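Observations on the model geometry
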Amino acid sequence: MTTAQWARLSSDAFNAALFGYIAAMIVSFAYLAFRKGWLHTAATAIGIGALVANAISIVARGAAAERTPWGNMYEYSALLTFLMVLGYLWIVEARAKVRTVGGFVYGLAVITMAMAVSFFYVGPTALMPALNSYWRQIHVTSMIVASSLLGVGCLFTVVYLLKLSGERRTASRLQTQAPPPIMGGSIASDPSAPPDFAEGADEPVGASAASRRVGLPSSATLDGLAYRFIRFGFPVWTFGVICGAIWAQQTWGRYWGWDPKETWSFITWVVFAGYLHARATAGWRGTRAAVVALIGFVSLLVTYYAVNLWIAGLHSYAK
Amino acid sequence: MSASDGPRSSLSRSVALVWRTLRSMRTALILLLMLAAASVVGSLIPQIPNSPERVAAYELDHATWGSVFRASGFFDVFGSWWFALITALLFVSLVACLLPRSRALIRAARQRPIQARELDGFPSYVRTRVPAGPATVTAEAAKLLRRKRYRVAVQDDVSVAGEKGSLREIGSLAFHWAFLLLLVAIIIGKGTGYVGHATIVEGETWTDAELNYDGDLRTGRFFRGAFSGTGITLVDYEDAYRDTGIPMDFQSRIRLLNPDGSFAREADVRINHPAVFNGIRIYQYGFGWAAVVRVAEGARVLFDGPVVMGQDPLPDQNPLATPWIGVVKLTSLRPQQAIVLELFPDAEAYFRSLQTGVAQPMTEANAPFMRYQVWEGKLLDASRAGLDTRFMRATTSGLIGQGWSVDVDAGCAISGPGDAVPASLEGISCPDGAAPDALTMSFPALRQYSRLQISHDATVPYVLAAAILIVVGLLPALYVSRRKVWVRARPDDTGSIVDIGGFALQRKDRFDEEFATLVDAVVRASGGTVDRDPQEVGSP
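This is a predicted model, so every value here is computed, not measured. (Residues numbered from 1 in each chain as written. Chains lettered and ligands numbered in written order. Predicted model: local features only at pLDDT ≥ 70, side-chain atom pairs only at ≥ 80, totals over all residues. Heavy atoms only, no water.)

This part takes up the overall build of chain A. The helix and strand tally for chain A stands at eight helices and zero strands. Moving toward the C terminus, one meets the helices and strands of chain A in the order α-α-α-α-α-α-α-α. Within chain A, the fraction of its 319 residues that count as buried is 58%. Put simply, 79% of the contacts in chain A that link residues at least 6 apart link residues at least 24 apart. With the model as given, the accessible surface of chain A reaches about 13100 Å², and the carbon-plus-sulfur share is 69%. (Helix = DSSP H or I, 4+ residues; strand = E, 2+ residues; numbered from the N terminus. Buried < 20%, exposed > 50% of the residue type's maximum accessible area, 1.4 Å probe, protein only. Contact = heavy atoms within 4.5 Å. Areas by Shrake-Rupley, 256 points an atom, 1.4 Å probe, with all protein chains shown as cover.)

Here it is, written out as structure tokens:
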């Protein structure tokens, strides 16, 4: 195939992946709403299909540009969505057996891809010589892997906070309104409850029976998932920042120069370090730690997007 | 006596309070978030070390805020006293937290795991009866635990204590101590180091000394002027471009000279491939053209050498398609004169640009020519690169190609290889040749120069070591789980009654299964049969 054909295949596959993720998101949310098993099967099938299209798009892009396909923001975004969805399908669906949060992950993937197309699209081109270093490969790869993990982790933190406030509201309503279960008013026999609520790890562990009404996993499960992703992402981010410093030492003659991208990757690192410490600190566990993670999420978004779009620096290769 | 005791004890009490506050995780957390917030400020407001020109522009546009920012150090956040203060407090807090933890770790490493008396209070607990005697049970349990990488202590053949996962605390401490190493290494390295840029024309030699830098030399706070004295000769500079004008590579071939001037070795400096020699690192930073020019008044030579030329392209212009500008300053003339040279390295590409209207990159020397403009008056900045024309007036101007000589006063060409002059430039030669005392200029050669970045930072290896330690320590600190298990056996008729208890400090969800497996193994090794009664095995 010629370069132009590869480029064409890459952008077709990119669009297929984008629409696939949109469909997977809608079907996933439908599953959350109606809890029909076939909806989940369909969402997973569409999600895997879109993931394959995403992978094809990345590989074809590499063939078109004749280099590793992570050299600009458009390409980073494609890789980022691929890793987010892959991480979700593998860690959350396959290993933790949590099935109801897929819509949020696909939603994040859709936003990322849409941003890439509307703000960062560039054709497959060669790179500046400063970007020609194997440290760049290691640095960029780890930063994207870390971003996908931290991004998904923070997404679960958002869902966790939503769920937590829901649980608290339900708990206070139960205290005031519901008859005690011993009188026969048990929620478990509530006819309006969906029939298939009692399967898999979506089943809240140790949560009150009232939270079964909502399809989302319990706040404890969500918190655990968020922690799992962030704990995985943080060392990768650390490693990526260090590789970036090594690359900077090689290219610019200084390992650290408070360039905006460097500064923001440092801020993000500091905030997630704060999150990990907060989880180990009495009085900061739970909501407060989650808020720190949300600050980290904002910082991650600024590091990823805003620095390239609005703040000039050595890393300004957005366009 | 009590009067003299009072203030001292209240002082020591407040010192203890400050120390306790600094040690608390909450303080460390708040300091971490303050550090992040300060960095946000540093990334949003232009910073003097990164972009002094943007700081100046900001101060022009916002006079009030500009003076506030300047006074408060917002224009140099990462060098400000309050950023240093937050960092210092964070590190004091870190050390205050690490010292007792490190002491405790060393103490725990020296001690054997401590035996427990009552096991039924632990989250995981089982009591069971086995045929083997207590001594066999404890020996087997110790063997099993060792195989599962527990540290084990056996007491009196009746009690076994096992613990594992101390790597978690070791990793965590290594991770945190590494930051202290990192900070100290950075402060020493930056404090005693320097970084600057050297412009070297092909064939010339540059020496690492303060006055030879381009003017943007930055030295550390504790640097005492000990430049390395290294000599660098630029043998050759090469660049390569794709057809689209995108650069592929820049390369300077240099000869490195010892401070005494003797030849040490050759080196190639490319983007991403610095040369390291004599404590300095040499990076490819920039490049450009240097026209070799000879200016004479009659027989008196006023200037003879390469003129380093720079560019001033507009933001949307391809720098490779714009001319290069340099100035020859003739301070000995009265009135003083300056000749501004505007170089077009590739005449063919330039004329193609004129014909097609599309700017063509001029990457190779191909019949190079220059426009010159003579200024007369008072030179305000004889030693600096640019030209301040406020007290000068423009006089003659003209063209000069490589190999030509021109009469600068008359603005016409005296001699030159005519075939290099494009047809459109004909008719500019002086009709009568040069006057005897005329100001003449010749352009015998065009060379390239390379701009190299020279930096000295002695602690880079230590910074790298600290960074590696950070990553290496972080992994066990996040992923190793600590477990403690106890086994006690006491004689009972023919066999023994065995109590097994334990708990996990991390990943408690996985411990139940680990514990059940362990219990089964101990029972089997003691001659019992595994017949798990859910009321016996459990975690309340």
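Before going further, it helps to examine the sheet that holds strand β2 (residues 151-155) of chain B. Residues and elements named next belong to chain B. Spatially, five strands are ordered β1-β21-β20-β3-β2 in an open sheet, and the strand pairing comes out antiparallel. Strands at the two margins of the open sheet, each flanked by one partner only, are β1 (124-130) and β2. Averaged over all neighbouring strand pairs, the angle between strand axes comes to 15 degrees, with direction disregarded. Across six bridges, strand β3 (residues 159-164) lies against strand β20 (residues 483-492) in antiparallel orientation. (Pairing = 2+ DSSP bridges. Axes fitted to C-alpha atoms, helices over the stretch in contact; angles between N-to-C directions.)

Before going further, it helps to examine the side chain of H197 of chain B. All names here are of chain B. Following the sequence through the fold, H197 ends up in strand β4 (residues 194-201). You can call H197 buried: its relative accessible area is 9%. Only 2.6 Å separates the side chain of H197 from the side chain of D216, close enough to count as a polar contact. Setting aside residues no more than four positions away along its own chain, H197 makes contact with Y213, D214, D216, Y285, R451, L452 and Q453. (Polar contact = N/O pair within 3.5 Å; in protein donor to acceptor, adjacent residues only side chain to side chain.)

Residue and element names in this part refer to chain A. On the surface, M1, L9, I48, V52 and I56 cluster together into a nonpolar patch covering about 440 Å² of accessible area. Counting residues per element, the nonpolar patch draws most heavily on helix α2 (residues 37-65), which supplies three residues. Relative to the assigned elements, M1 resides in the segment before α1 (3-34). Classification of M1 by relative accessible area gives exposed; the value is 61%. (Patch = residues over 30% accessible without salt bridge, like charges linked within 9 Å, V, L, I, M, F, W, Y side chains within 5 Å. Salt bridge = Lys/Arg side-chain N within 4 Å of Asp/Glu carboxyl O.)

Attention now moves to the sheet that holds strand β13 (residues 324-330) of chain B. Residue and element names in this part refer to chain B. Spatially, β13-β14-β15-β16 is the arrangement adopted by the four strands of the open sheet, whose pairing is antiparallel. Two strands lie at the open edges of the sheet, namely β13 and β16 (392-401), each paired on one side alone. Across the sheet, the mean angle from the axis of one strand to that of its neighbour is 20 degrees, orientation sign disregarded. In terms of strand pairing, strand β15 (residues 369-377) meets β16 through eight bridges, oriented antiparallel. Pairing of F369 across the sheet is with G401, part of β16. Sheet strands touched by helix α8 (residues 347-356): β14 (336-344) and β15. Its angle to β15, the strand with the most contacts, is close to 90 degrees.

In this section: the interface of chain A and chain B. Many authors give the size of an interface as the accessible area that is lost as the parts come together. Taken together, the 44 residues of chain A in the interface contact 46 residues of chain B. Interface area, chain A with chain B, both sides summed: about 3700 Å², of which 68% is carbon and sulfur. At the boundary of chain A and chain B, one finds zero salt bridges. Those elements that place two or more of their residues in the side of chain A that touches chain B are α6 (219-251) and α7 (260-279) of chain A. Tallied by class, the residues present in the side of chain A that touches chain B amount to 27 nonpolar, 12 polar and five charged. (Buried area = accessible area lost by both parts, 1.4 Å probe. Nonpolar A, V, L, I, M, F, W, Y, C, P; charged D, E, K, R; others polar.)

Residues and elements named next belong to chain B. Across three bridges, the pairing between strand β17 (residues 405-407) and strand β18 (residues 412-415) is antiparallel. Bridge assignment links S405 to a residue of β18, and that residue is S415. In sequence, β17 turns back onto β18 through a hairpin of four residues, with G411 there showing a positive phi of about 75 degrees.

Honestly, that's just the spatial picture; any functional story needs more than this.
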